[in-house]
Amino acid sequence: MKLLGKSCLDEMLASALRMIQEIGIETGRADLLGMAKGLDGLTVCGNRIHVAPEVAREVISTNRIDTPRPTYPTITVSDRSTLIADHHARELRPMTRSDVIAGTKLIDALHMRQVIGHSSGTPQEAPLPLQPIEQYLIGYRFCRHGGRTPVPLTPEAAKFLLEIRTIAEAGFDPERREFSVWTPSPLKLEGNELDALLDSEAEVVSFYVGSMPIMGLTGPVDPVGVLTLSLAETLGGAAI
């Protein structure tokens, strides 16, 4: 199933490369701006880092992976949910602790039907800094896939989650870590996850860069346009 033709994909890539070269990626990290100055393919103007197309294309060639198609369909459940549609009360309301536990148990019960996930969301009655820790513990207790949280951690909470993961996950080494950096739109490179990556003294085994622009709010009101913006943000962020 091809939703977009090759000519459209080629133009999306070309547009994304122009954006990060001409507009650049904004960051509030003064140390990142300082490190980028003088590097081949990066140009610093004010609080923006401009990325040359050849540097971004190197990111593409380095990360090109031929992933085989799955032999059966799978359903991946997002663990980023904060709201639940209560069909009995006919309302959209914040997820409670019991909602998250019930949804996580359902994910676990459906694993034989190729349902993949860790937890069904974050309990909204928990204090904000503790929500990722509680989400991790709910997944660890109630799902065979284990604990996970995509919620950015405050530095104070991060150290406790590292200690929990050291106990909970066989082979987890806090000195050798994988990082993910979700970038804010439009065209920014900042946030708790970036701070954790740059400020950590751990060896970086791998890192993932993603973005989720919202049509009509932080991105264009157009599927192709908003995907092009996301492509620019991820390529620019990874290159920097």
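All of the points below concern the structure found in this document. The shown structure was predicted, so the numbers you read here are calculated from the model rather than taken from an experiment. Along each chain, residues carry numbers from 1 onward, in the same order as the chain's sequence is written. For a predicted model such as this one, the threshold for reporting local features is a pLDDT of at least 70, and the threshold for listing and counting side-chain atom pairs is 80 or more; totals across whole chains, interfaces and linings nevertheless cover every residue. Where side-chain values are given, they derive from all heavy atoms of the structure, hydrogens and water being excluded.

1. Looking at the nonpolar core
In step 1: In this structure, L17, I20, I49, V51, L187, L189 and A232 are the most contacted members of the largest nonpolar core, which totals 26 residues.
In step 2: Numbering of helices and strands runs from the N terminus, with a helix taken as a DSSP run of H or I at least four residues long and a strand as a DSSP run of E at least two residues long. Tallying contributions element by element places helix α1 (residues 6–22) first for this core, with five residues.
In step 3: Among residues more than four places away in sequence, those in contact with L187 are M19, I23, G24, I25, E26, R48, L229, A232 and E233. As used here, the term nonpolar core means buried Ala, Val, Leu, Ile, Met, Phe, Trp, Tyr and Cys residues forming a set that is joined through side-chain atoms within 4.5 Å. Relative accessibility decides the category of a residue: with a 1.4 Å probe and only protein chains considered, values under 20% of the type maximum give buried, values over 50% give exposed, and everything between is partly exposed. A contact between two residues is defined here by any heavy atoms of the two lying within 4.5 Å.

2. Considering helix α7 (residues 192–199)
In step 1: For α7, the complete set of buried residues consists of E193, L194 and L197. Along the axis of α7, the buried positions cluster into a sector of 100 degrees, meaning they face one direction only.
In step 2: Buried positions along α7 lie against α2 (30–36), β8 (176–183) and β9 (203–211). Here the arc refers to the directions that run from the helix axis out to each C-beta atom.

3. Let's talk about the pattern of salt bridges
In step 1: What counts as a salt bridge is simple: a side-chain nitrogen of Lys or Arg found within 4 Å of a carboxyl oxygen of Asp or Glu. Evaluation of the coordinates by the stated rule reveals 15 salt bridges.
In step 2: The salt bridge partner of E11 is R18, with a shortest N-O separation of 3.2 Å.
In step 3: Overall, the relative accessible area of 42% leaves E11 in the partly exposed class.
In step 4: Ionic pairing is found between D86 and R93, a salt bridge with its closest N-O pair at 3.1 Å.
In step 5: Each of R29, D31, D195 and D199 takes part in one network of salt bridges that share partners.

4. Re unusual backbone geometry
In step 1: Of note, the amide linkage connecting S185 to P186 takes the cis form, showing an omega dihedral of -5 degrees.
In step 2: If you check the backbone angles, R90 has positive phi at about 55 degrees while not being a glycine.
In step 3: Relative to the assigned elements, R90 resides in the loop between β5 (83–86) and β6 (91–94).
In step 4: Residue classification places R90 among the exposed residues on the basis of a relative accessible area of 75%.
In step 5: Located in the positive-phi region is Q114, a residue other than glycine, with phi close to 65 degrees.
In step 6: Mapped onto the elements of the fold, Q114 is located in the loop between α4 (97–109) and β7 (115–116).

5. Side note on the sheet that holds strand β1 (residues 25–26)
In step 1: Read from one edge to the other, the open sheet built from three strands follows the order β1-β3-β2, with strand pairing classed as antiparallel. Of all the strands in the sheet, just β1 and β2 (42–45) have a single pairing partner and so form its edges.
In step 2: In this fold α1 packs onto β1 and β3 (48–51), with an angle of close to 135 degrees to the strand it touches most, β3. Following DSSP output, two strands are said to pair if at least two bridges run between them. Each axis is a line fitted through C-alpha atoms, and for a helix only the stretch in contact is used; angles between axes span 0 to 180 degrees, taken between their N-to-C directions.

6. Some remarks on the packing of α4 against helix α5 (residues 131–142)
In step 1: At a minimum axis separation of 9 Å, α4 and α5 run at an interaxial angle of 40 degrees. In terms of their interaxial angle, α4 and α5 are classed as oblique. Read as a crossing pair, α4 and α5 show a hand that is right-handed. The segment α4 lies against α5, with R97, V100, I101, T104, K105 and D108 engaging E134, I138, G139 and F142.
In step 2: When residue character is reported, Ala, Val, Leu, Ile, Met, Phe, Trp, Tyr, Cys and Pro are called nonpolar, Asp, Glu, Lys and Arg charged, and the others, Gly included, polar. Residues of the contact of α4 with α5, tallied by class, amount to four nonpolar, two polar and four charged. Note that the term roughly parallel is reserved for angles under 35 degrees, roughly antiparallel for angles over 145, roughly perpendicular for angles of 65 to 115, and oblique for everything else. In this scheme the handedness of a crossing depends on how the near helix is turned from the far one: anticlockwise by less than a right angle means left-handed, clockwise means right-handed.

7. Description of the layout of surface pockets
In step 1: As defined here, a cavity is a set of points on a 1 Å grid over the protein atoms alone where a 1.4 Å probe fits but cannot get out. A pocket is an open set with protein on both sides within 12 Å along at least five of seven lines, and residues line them when an atom is within 4 Å of a point. Grid points are joined across faces, edges and corners, and a volume is the space filled by probe spheres set on the points. The computed volume of the largest pocket comes to approximately 1100 Å³.
In step 2: What lines the largest pocket is a set of 40 residues, and nearest its centre among them are L153, R165, R177, E178 and F179.
In step 3: Those elements that provide at least two residues to the lining of the largest pocket are α6 (155–168), β8, α7 and β9.
In step 4: Across the lining of the largest pocket, the residue classes tally to 18 nonpolar, eight polar and 14 charged.
In step 5: Empty space within the second largest pocket amounts to approximately 670 Å³.
In step 6: Looking at the second largest pocket, it is lined by 13 residues, and the ones nearest its centre are I60, N63, L231, T234 and L235.
In step 7: Elements with a contribution of two residues or more to the lining of the second largest pocket: α1, α3 (53–62), β9 and α8 (223–239).
In step 8: Of the residues assigned to the lining of the second largest pocket, the class counts are ten nonpolar, two polar and one charged.

8. A word on the packing of aromatic side chains
In step 1: Planes of paired rings set the category: under 30 degrees apart is stacked, over 60 is edge-to-face and the rest tilted, where pairs are Phe, Tyr or Trp rings (Trp by its six-membered ring) whose centres lie within 6.5 Å. Under the defined criterion, the tally for this structure stands at one aromatic pair.
In step 2: Their ring planes at 45 degrees and their centres at 5.8 Å tell us that W182 and Y208 sit as a pair that is tilted. Remark: Y208 occurs in strand β9 and W182 occurs in strand β8; sequence separation between them is 26 residues.
In step 3: Residue classification places W182 among the partly exposed positions, given a relative accessible area of 26%.
In step 4: On the accessibility criterion, Y208 (48% relative accessible area) is partly exposed.
In step 5: In this analysis the charged atom, NZ for Lys or CZ for Arg, is taken to sit over a ring once it is within 6 Å of the ring centre and within 35 degrees of the ring normal. Against the face of W182 rests R80, its NZ or CZ located 4.8 Å from the ring centre.

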